[in-house]
Amino acid sequence: MKKALITGITGQTGSYLAELLVDKGYKVFGLIRRASVERHERISHILDKITLLQGDLLDQYSLIEAVKKSNPDEVYNLAAQSFVPTSWNQPVLTAEFTSVGVTRMLEAIRLMKKDAKFYQASSSEMFGATEESPQNERTRFHPRSPYGVAKVYGYWITVNYRESYDMFNCNGILFNHESPRRGLEFVTRKVTNAVAMIKLGMADELLLGNLEARRDWGFAGDYVKAIWLMLQQDKPDDYVIGTGEMHSVKELCEVAFSYAGLNYEDYVKVDKAFYRPAEVDKLMADSSKARKVLGWKPSVSFKELIEMMVDADIERLKNKK
Ligand code: NAP
Ligand code: GDD
């Protein structure tokens, strides 16, 4: 039985990855940080099938202990401060989690289980203001937020430990991936949750920032398959994962509101408070390497994804009413 350690298991993507690995027969360990109230909603349905270990990316000893206790064949480092706007409010903490946290995790593996395969959750935010479109593994990074800068560090330290210590380290450069489990502050979920609230008479407007921003949005359940495939290859490497399609926030609103029989222009208002100090205007993946080498492709379209999220939010809020 293979053993995997997942950091960030309570997050959106970590919860889908844990499900996938449990289904594949892995013994799954998840790193969780201590909180006064437990936040296990996304993994409550598999809690009896996984083992949780307390630890924090800020605490080196706890990571060493987690690797020692789990003795993993594979380590998936998904934990991070992942919300871009927060990275301007808490730039130092973001760097501690999202940059140096990666080094701490790599050090724990180097000391305790050097042959474990390692996945780093790198991000399309690293491309930021790049001129090149679509972006692939050779595209130059130009991050536009403290989060993006922190992820560039995480990317390079992962490459550096591969080259310095011959460790099996992979970077997945993932474009935006969403699901009904997405955090409520991210734009897709903010929109689908608002659509559900408006539809059920619980709200009458939605305040958003830059409606012209464009992203390559895919389904998190598809992307965890690519993550797993990266660690099943003979050699460690880095891969871009995305759909290859780009849509604006305005189009996202159109799809979500019209699915519920509403016109977004009647409800959406622009509030400059949601604009960012430096914006990433557009991102679109060229994931031809992953498609060729990993045999991976997405199965859920943009429209299907947004409709799935609207359905899930309406269902959840109806049950709450
Ligand atoms: P998420 O929902 O925000 O989850 C983040 C996870 O990290 C949570 O489990 C959180 O635990 C944990 N965490 C945060 N700080 C920690 C610390 N100091 N020690 C231990 N755990 C900590 O993020 P996601 O959407 O699942 O994304 C997963 C990873 O992929 C992140 O690294 C993100 O930056 C990266 N990424 C995401 C996307 C995307 O579109 N979703 C795209 C590219 C890359 P709590 O539950 O305790 O807060
Ligand atoms: N969150 C948010 N809220 N974003 C808004 C809003 C709003 O009210 N209005 C417009 N947007 C725009 C943002 O300016 C941005 O251009 C775009 O919508 C997407 O924002 P988010 O959903 O917050 O995601 P992100 O692209 O900044 O970051 C996500 O994807 C990255 C991969 O590219 C996060 O998951 C990161 O962790 C991830 O690395």
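Residues numbered from 1 in each chain as written. Chains lettered and ligands numbered in written order. Predicted model: local features only at pLDDT ≥ 70, side-chain atom pairs only at ≥ 80, totals over all residues. Heavy atoms only, no water.

Caption draft 1: Summary view of the sheet that holds strand S6 (residues 169-174). In space, the seven strands of this open sheet follow the order S3-S2-S1-S4-S5-S6-S11, with parallel pairing throughout. Of all strands in the sheet, those with a lone pairing partner are strand S3 (50-54) and strand S11 (239-241), marking the two edges. Looking at each pair of strands side by side, their axes are set apart by 20° on average, direction ignored. With six bridges connecting them, strand S5 (residues 117-123) and S6 associate as parallel partners. Looking at the pairing, Phe118 lines up with Asn169 of S6. Contacting S5 and S6, helix H5 (residues 146-165) crosses the sheet at an angle of about 155° to S6. (Pairing = 2+ DSSP bridges. Helix = DSSP H or I, 4+ residues; strand = E, 2+ residues; numbered from the N terminus. Axes fitted to C-alpha atoms, helices over the stretch in contact; angles between N-to-C directions. Contact = heavy atoms within 4.5 Å.)

Caption draft 2: View of the packing of helix H6 (residues 187-199) against helix H10 (residues 302-320). At a minimum axis distance of 8 Å, the contact between H6 and H10 shows a crossing angle of 50°. By the angle between their axes, H6 is oblique relative to H10. Of the two possible hands of crossing, H6 and H10 adopt the one that is right-handed. Here Thr188, Arg189, Thr192, Asn193, Val195, Ala196, Met197 and Lys199 of H6 lie close against H10, whose contacting residues are Ile306, Met309, Val310, Asp313, Ile314, Arg316 and Leu317. (Parallel < 35°, antiparallel > 145°, perpendicular 65-115°, else oblique. Left-handed = near helix turned anticlockwise from the far one by under 90°.)

Caption draft 3: View of helix H8 (residues 249-259). When H8 is considered as a whole, its buried residues turn out to be Val249, Leu252, Cys253, Val255, Ala256 and Phe257. Tucked into the core, H8 has its buried residues touching H6, strand S8 (206-208), strand S12 (247-248), strand S13 (268-270) and H10. Just downstream of H8 lies Gly261, where phi reads positive at about 75°. (Buried < 20%, exposed > 50% of the residue type's maximum accessible area, 1.4 Å probe, protein only.)

Caption draft 4: Structural view of the site of ligand 1. Around ligand 1 sit 25 residues, and of these Thr10, Thr13, Arg33, Ser82 and Tyr147 come closest. Measuring from an oxygen atom of ligand 1, one finds a backbone N or O atom of Gly11 at 3.0 Å. Protein contact buries 90% of the 910 Å² of open area that ligand 1 shows by itself. For the shell around ligand 1, the secondary structure elements donating two or more residues are helix H1 (12-23), S5 and H5. The dominant element in the shell around ligand 1, judged by the number of residues it contributes, is S5, at three residues. Of the residues in the shell around ligand 1, the class split is nine nonpolar, ten polar and six charged. (Near = heavy atom within 4 Å. Polar contact = N/O pair within 3.5 Å; in protein donor to acceptor, adjacent residues only side chain to side chain. Areas by Shrake-Rupley, 256 points an atom, 1.4 Å probe, with all protein chains shown as cover. Nonpolar A, V, L, I, M, F, W, Y, C, P; charged D, E, K, R; others polar.)

Caption draft 5: Seen up close, the site of ligand 2. Near ligand 2 you find 23 residues, and of these Ser123, Ser124, Tyr147, Arg276 and Glu279 are the closest. At a separation of 2.5 Å, an oxygen atom of ligand 2 approaches a polar side-chain atom of Tyr147. Glu279 is positioned such that a nitrogen or oxygen atom in its side chain is 2.6 Å from an oxygen atom of ligand 2. The protein chains hide 95% of the 710 Å² of surface that ligand 2 would expose on its own. Taken domain by domain, the makeup of the shell around ligand 2 includes at least three residues from each of domain 1 (3-177 + 217-241) and domain 2 (184-215 + 246-281 + 301-320). (Domains from an automatic or database assignment.)

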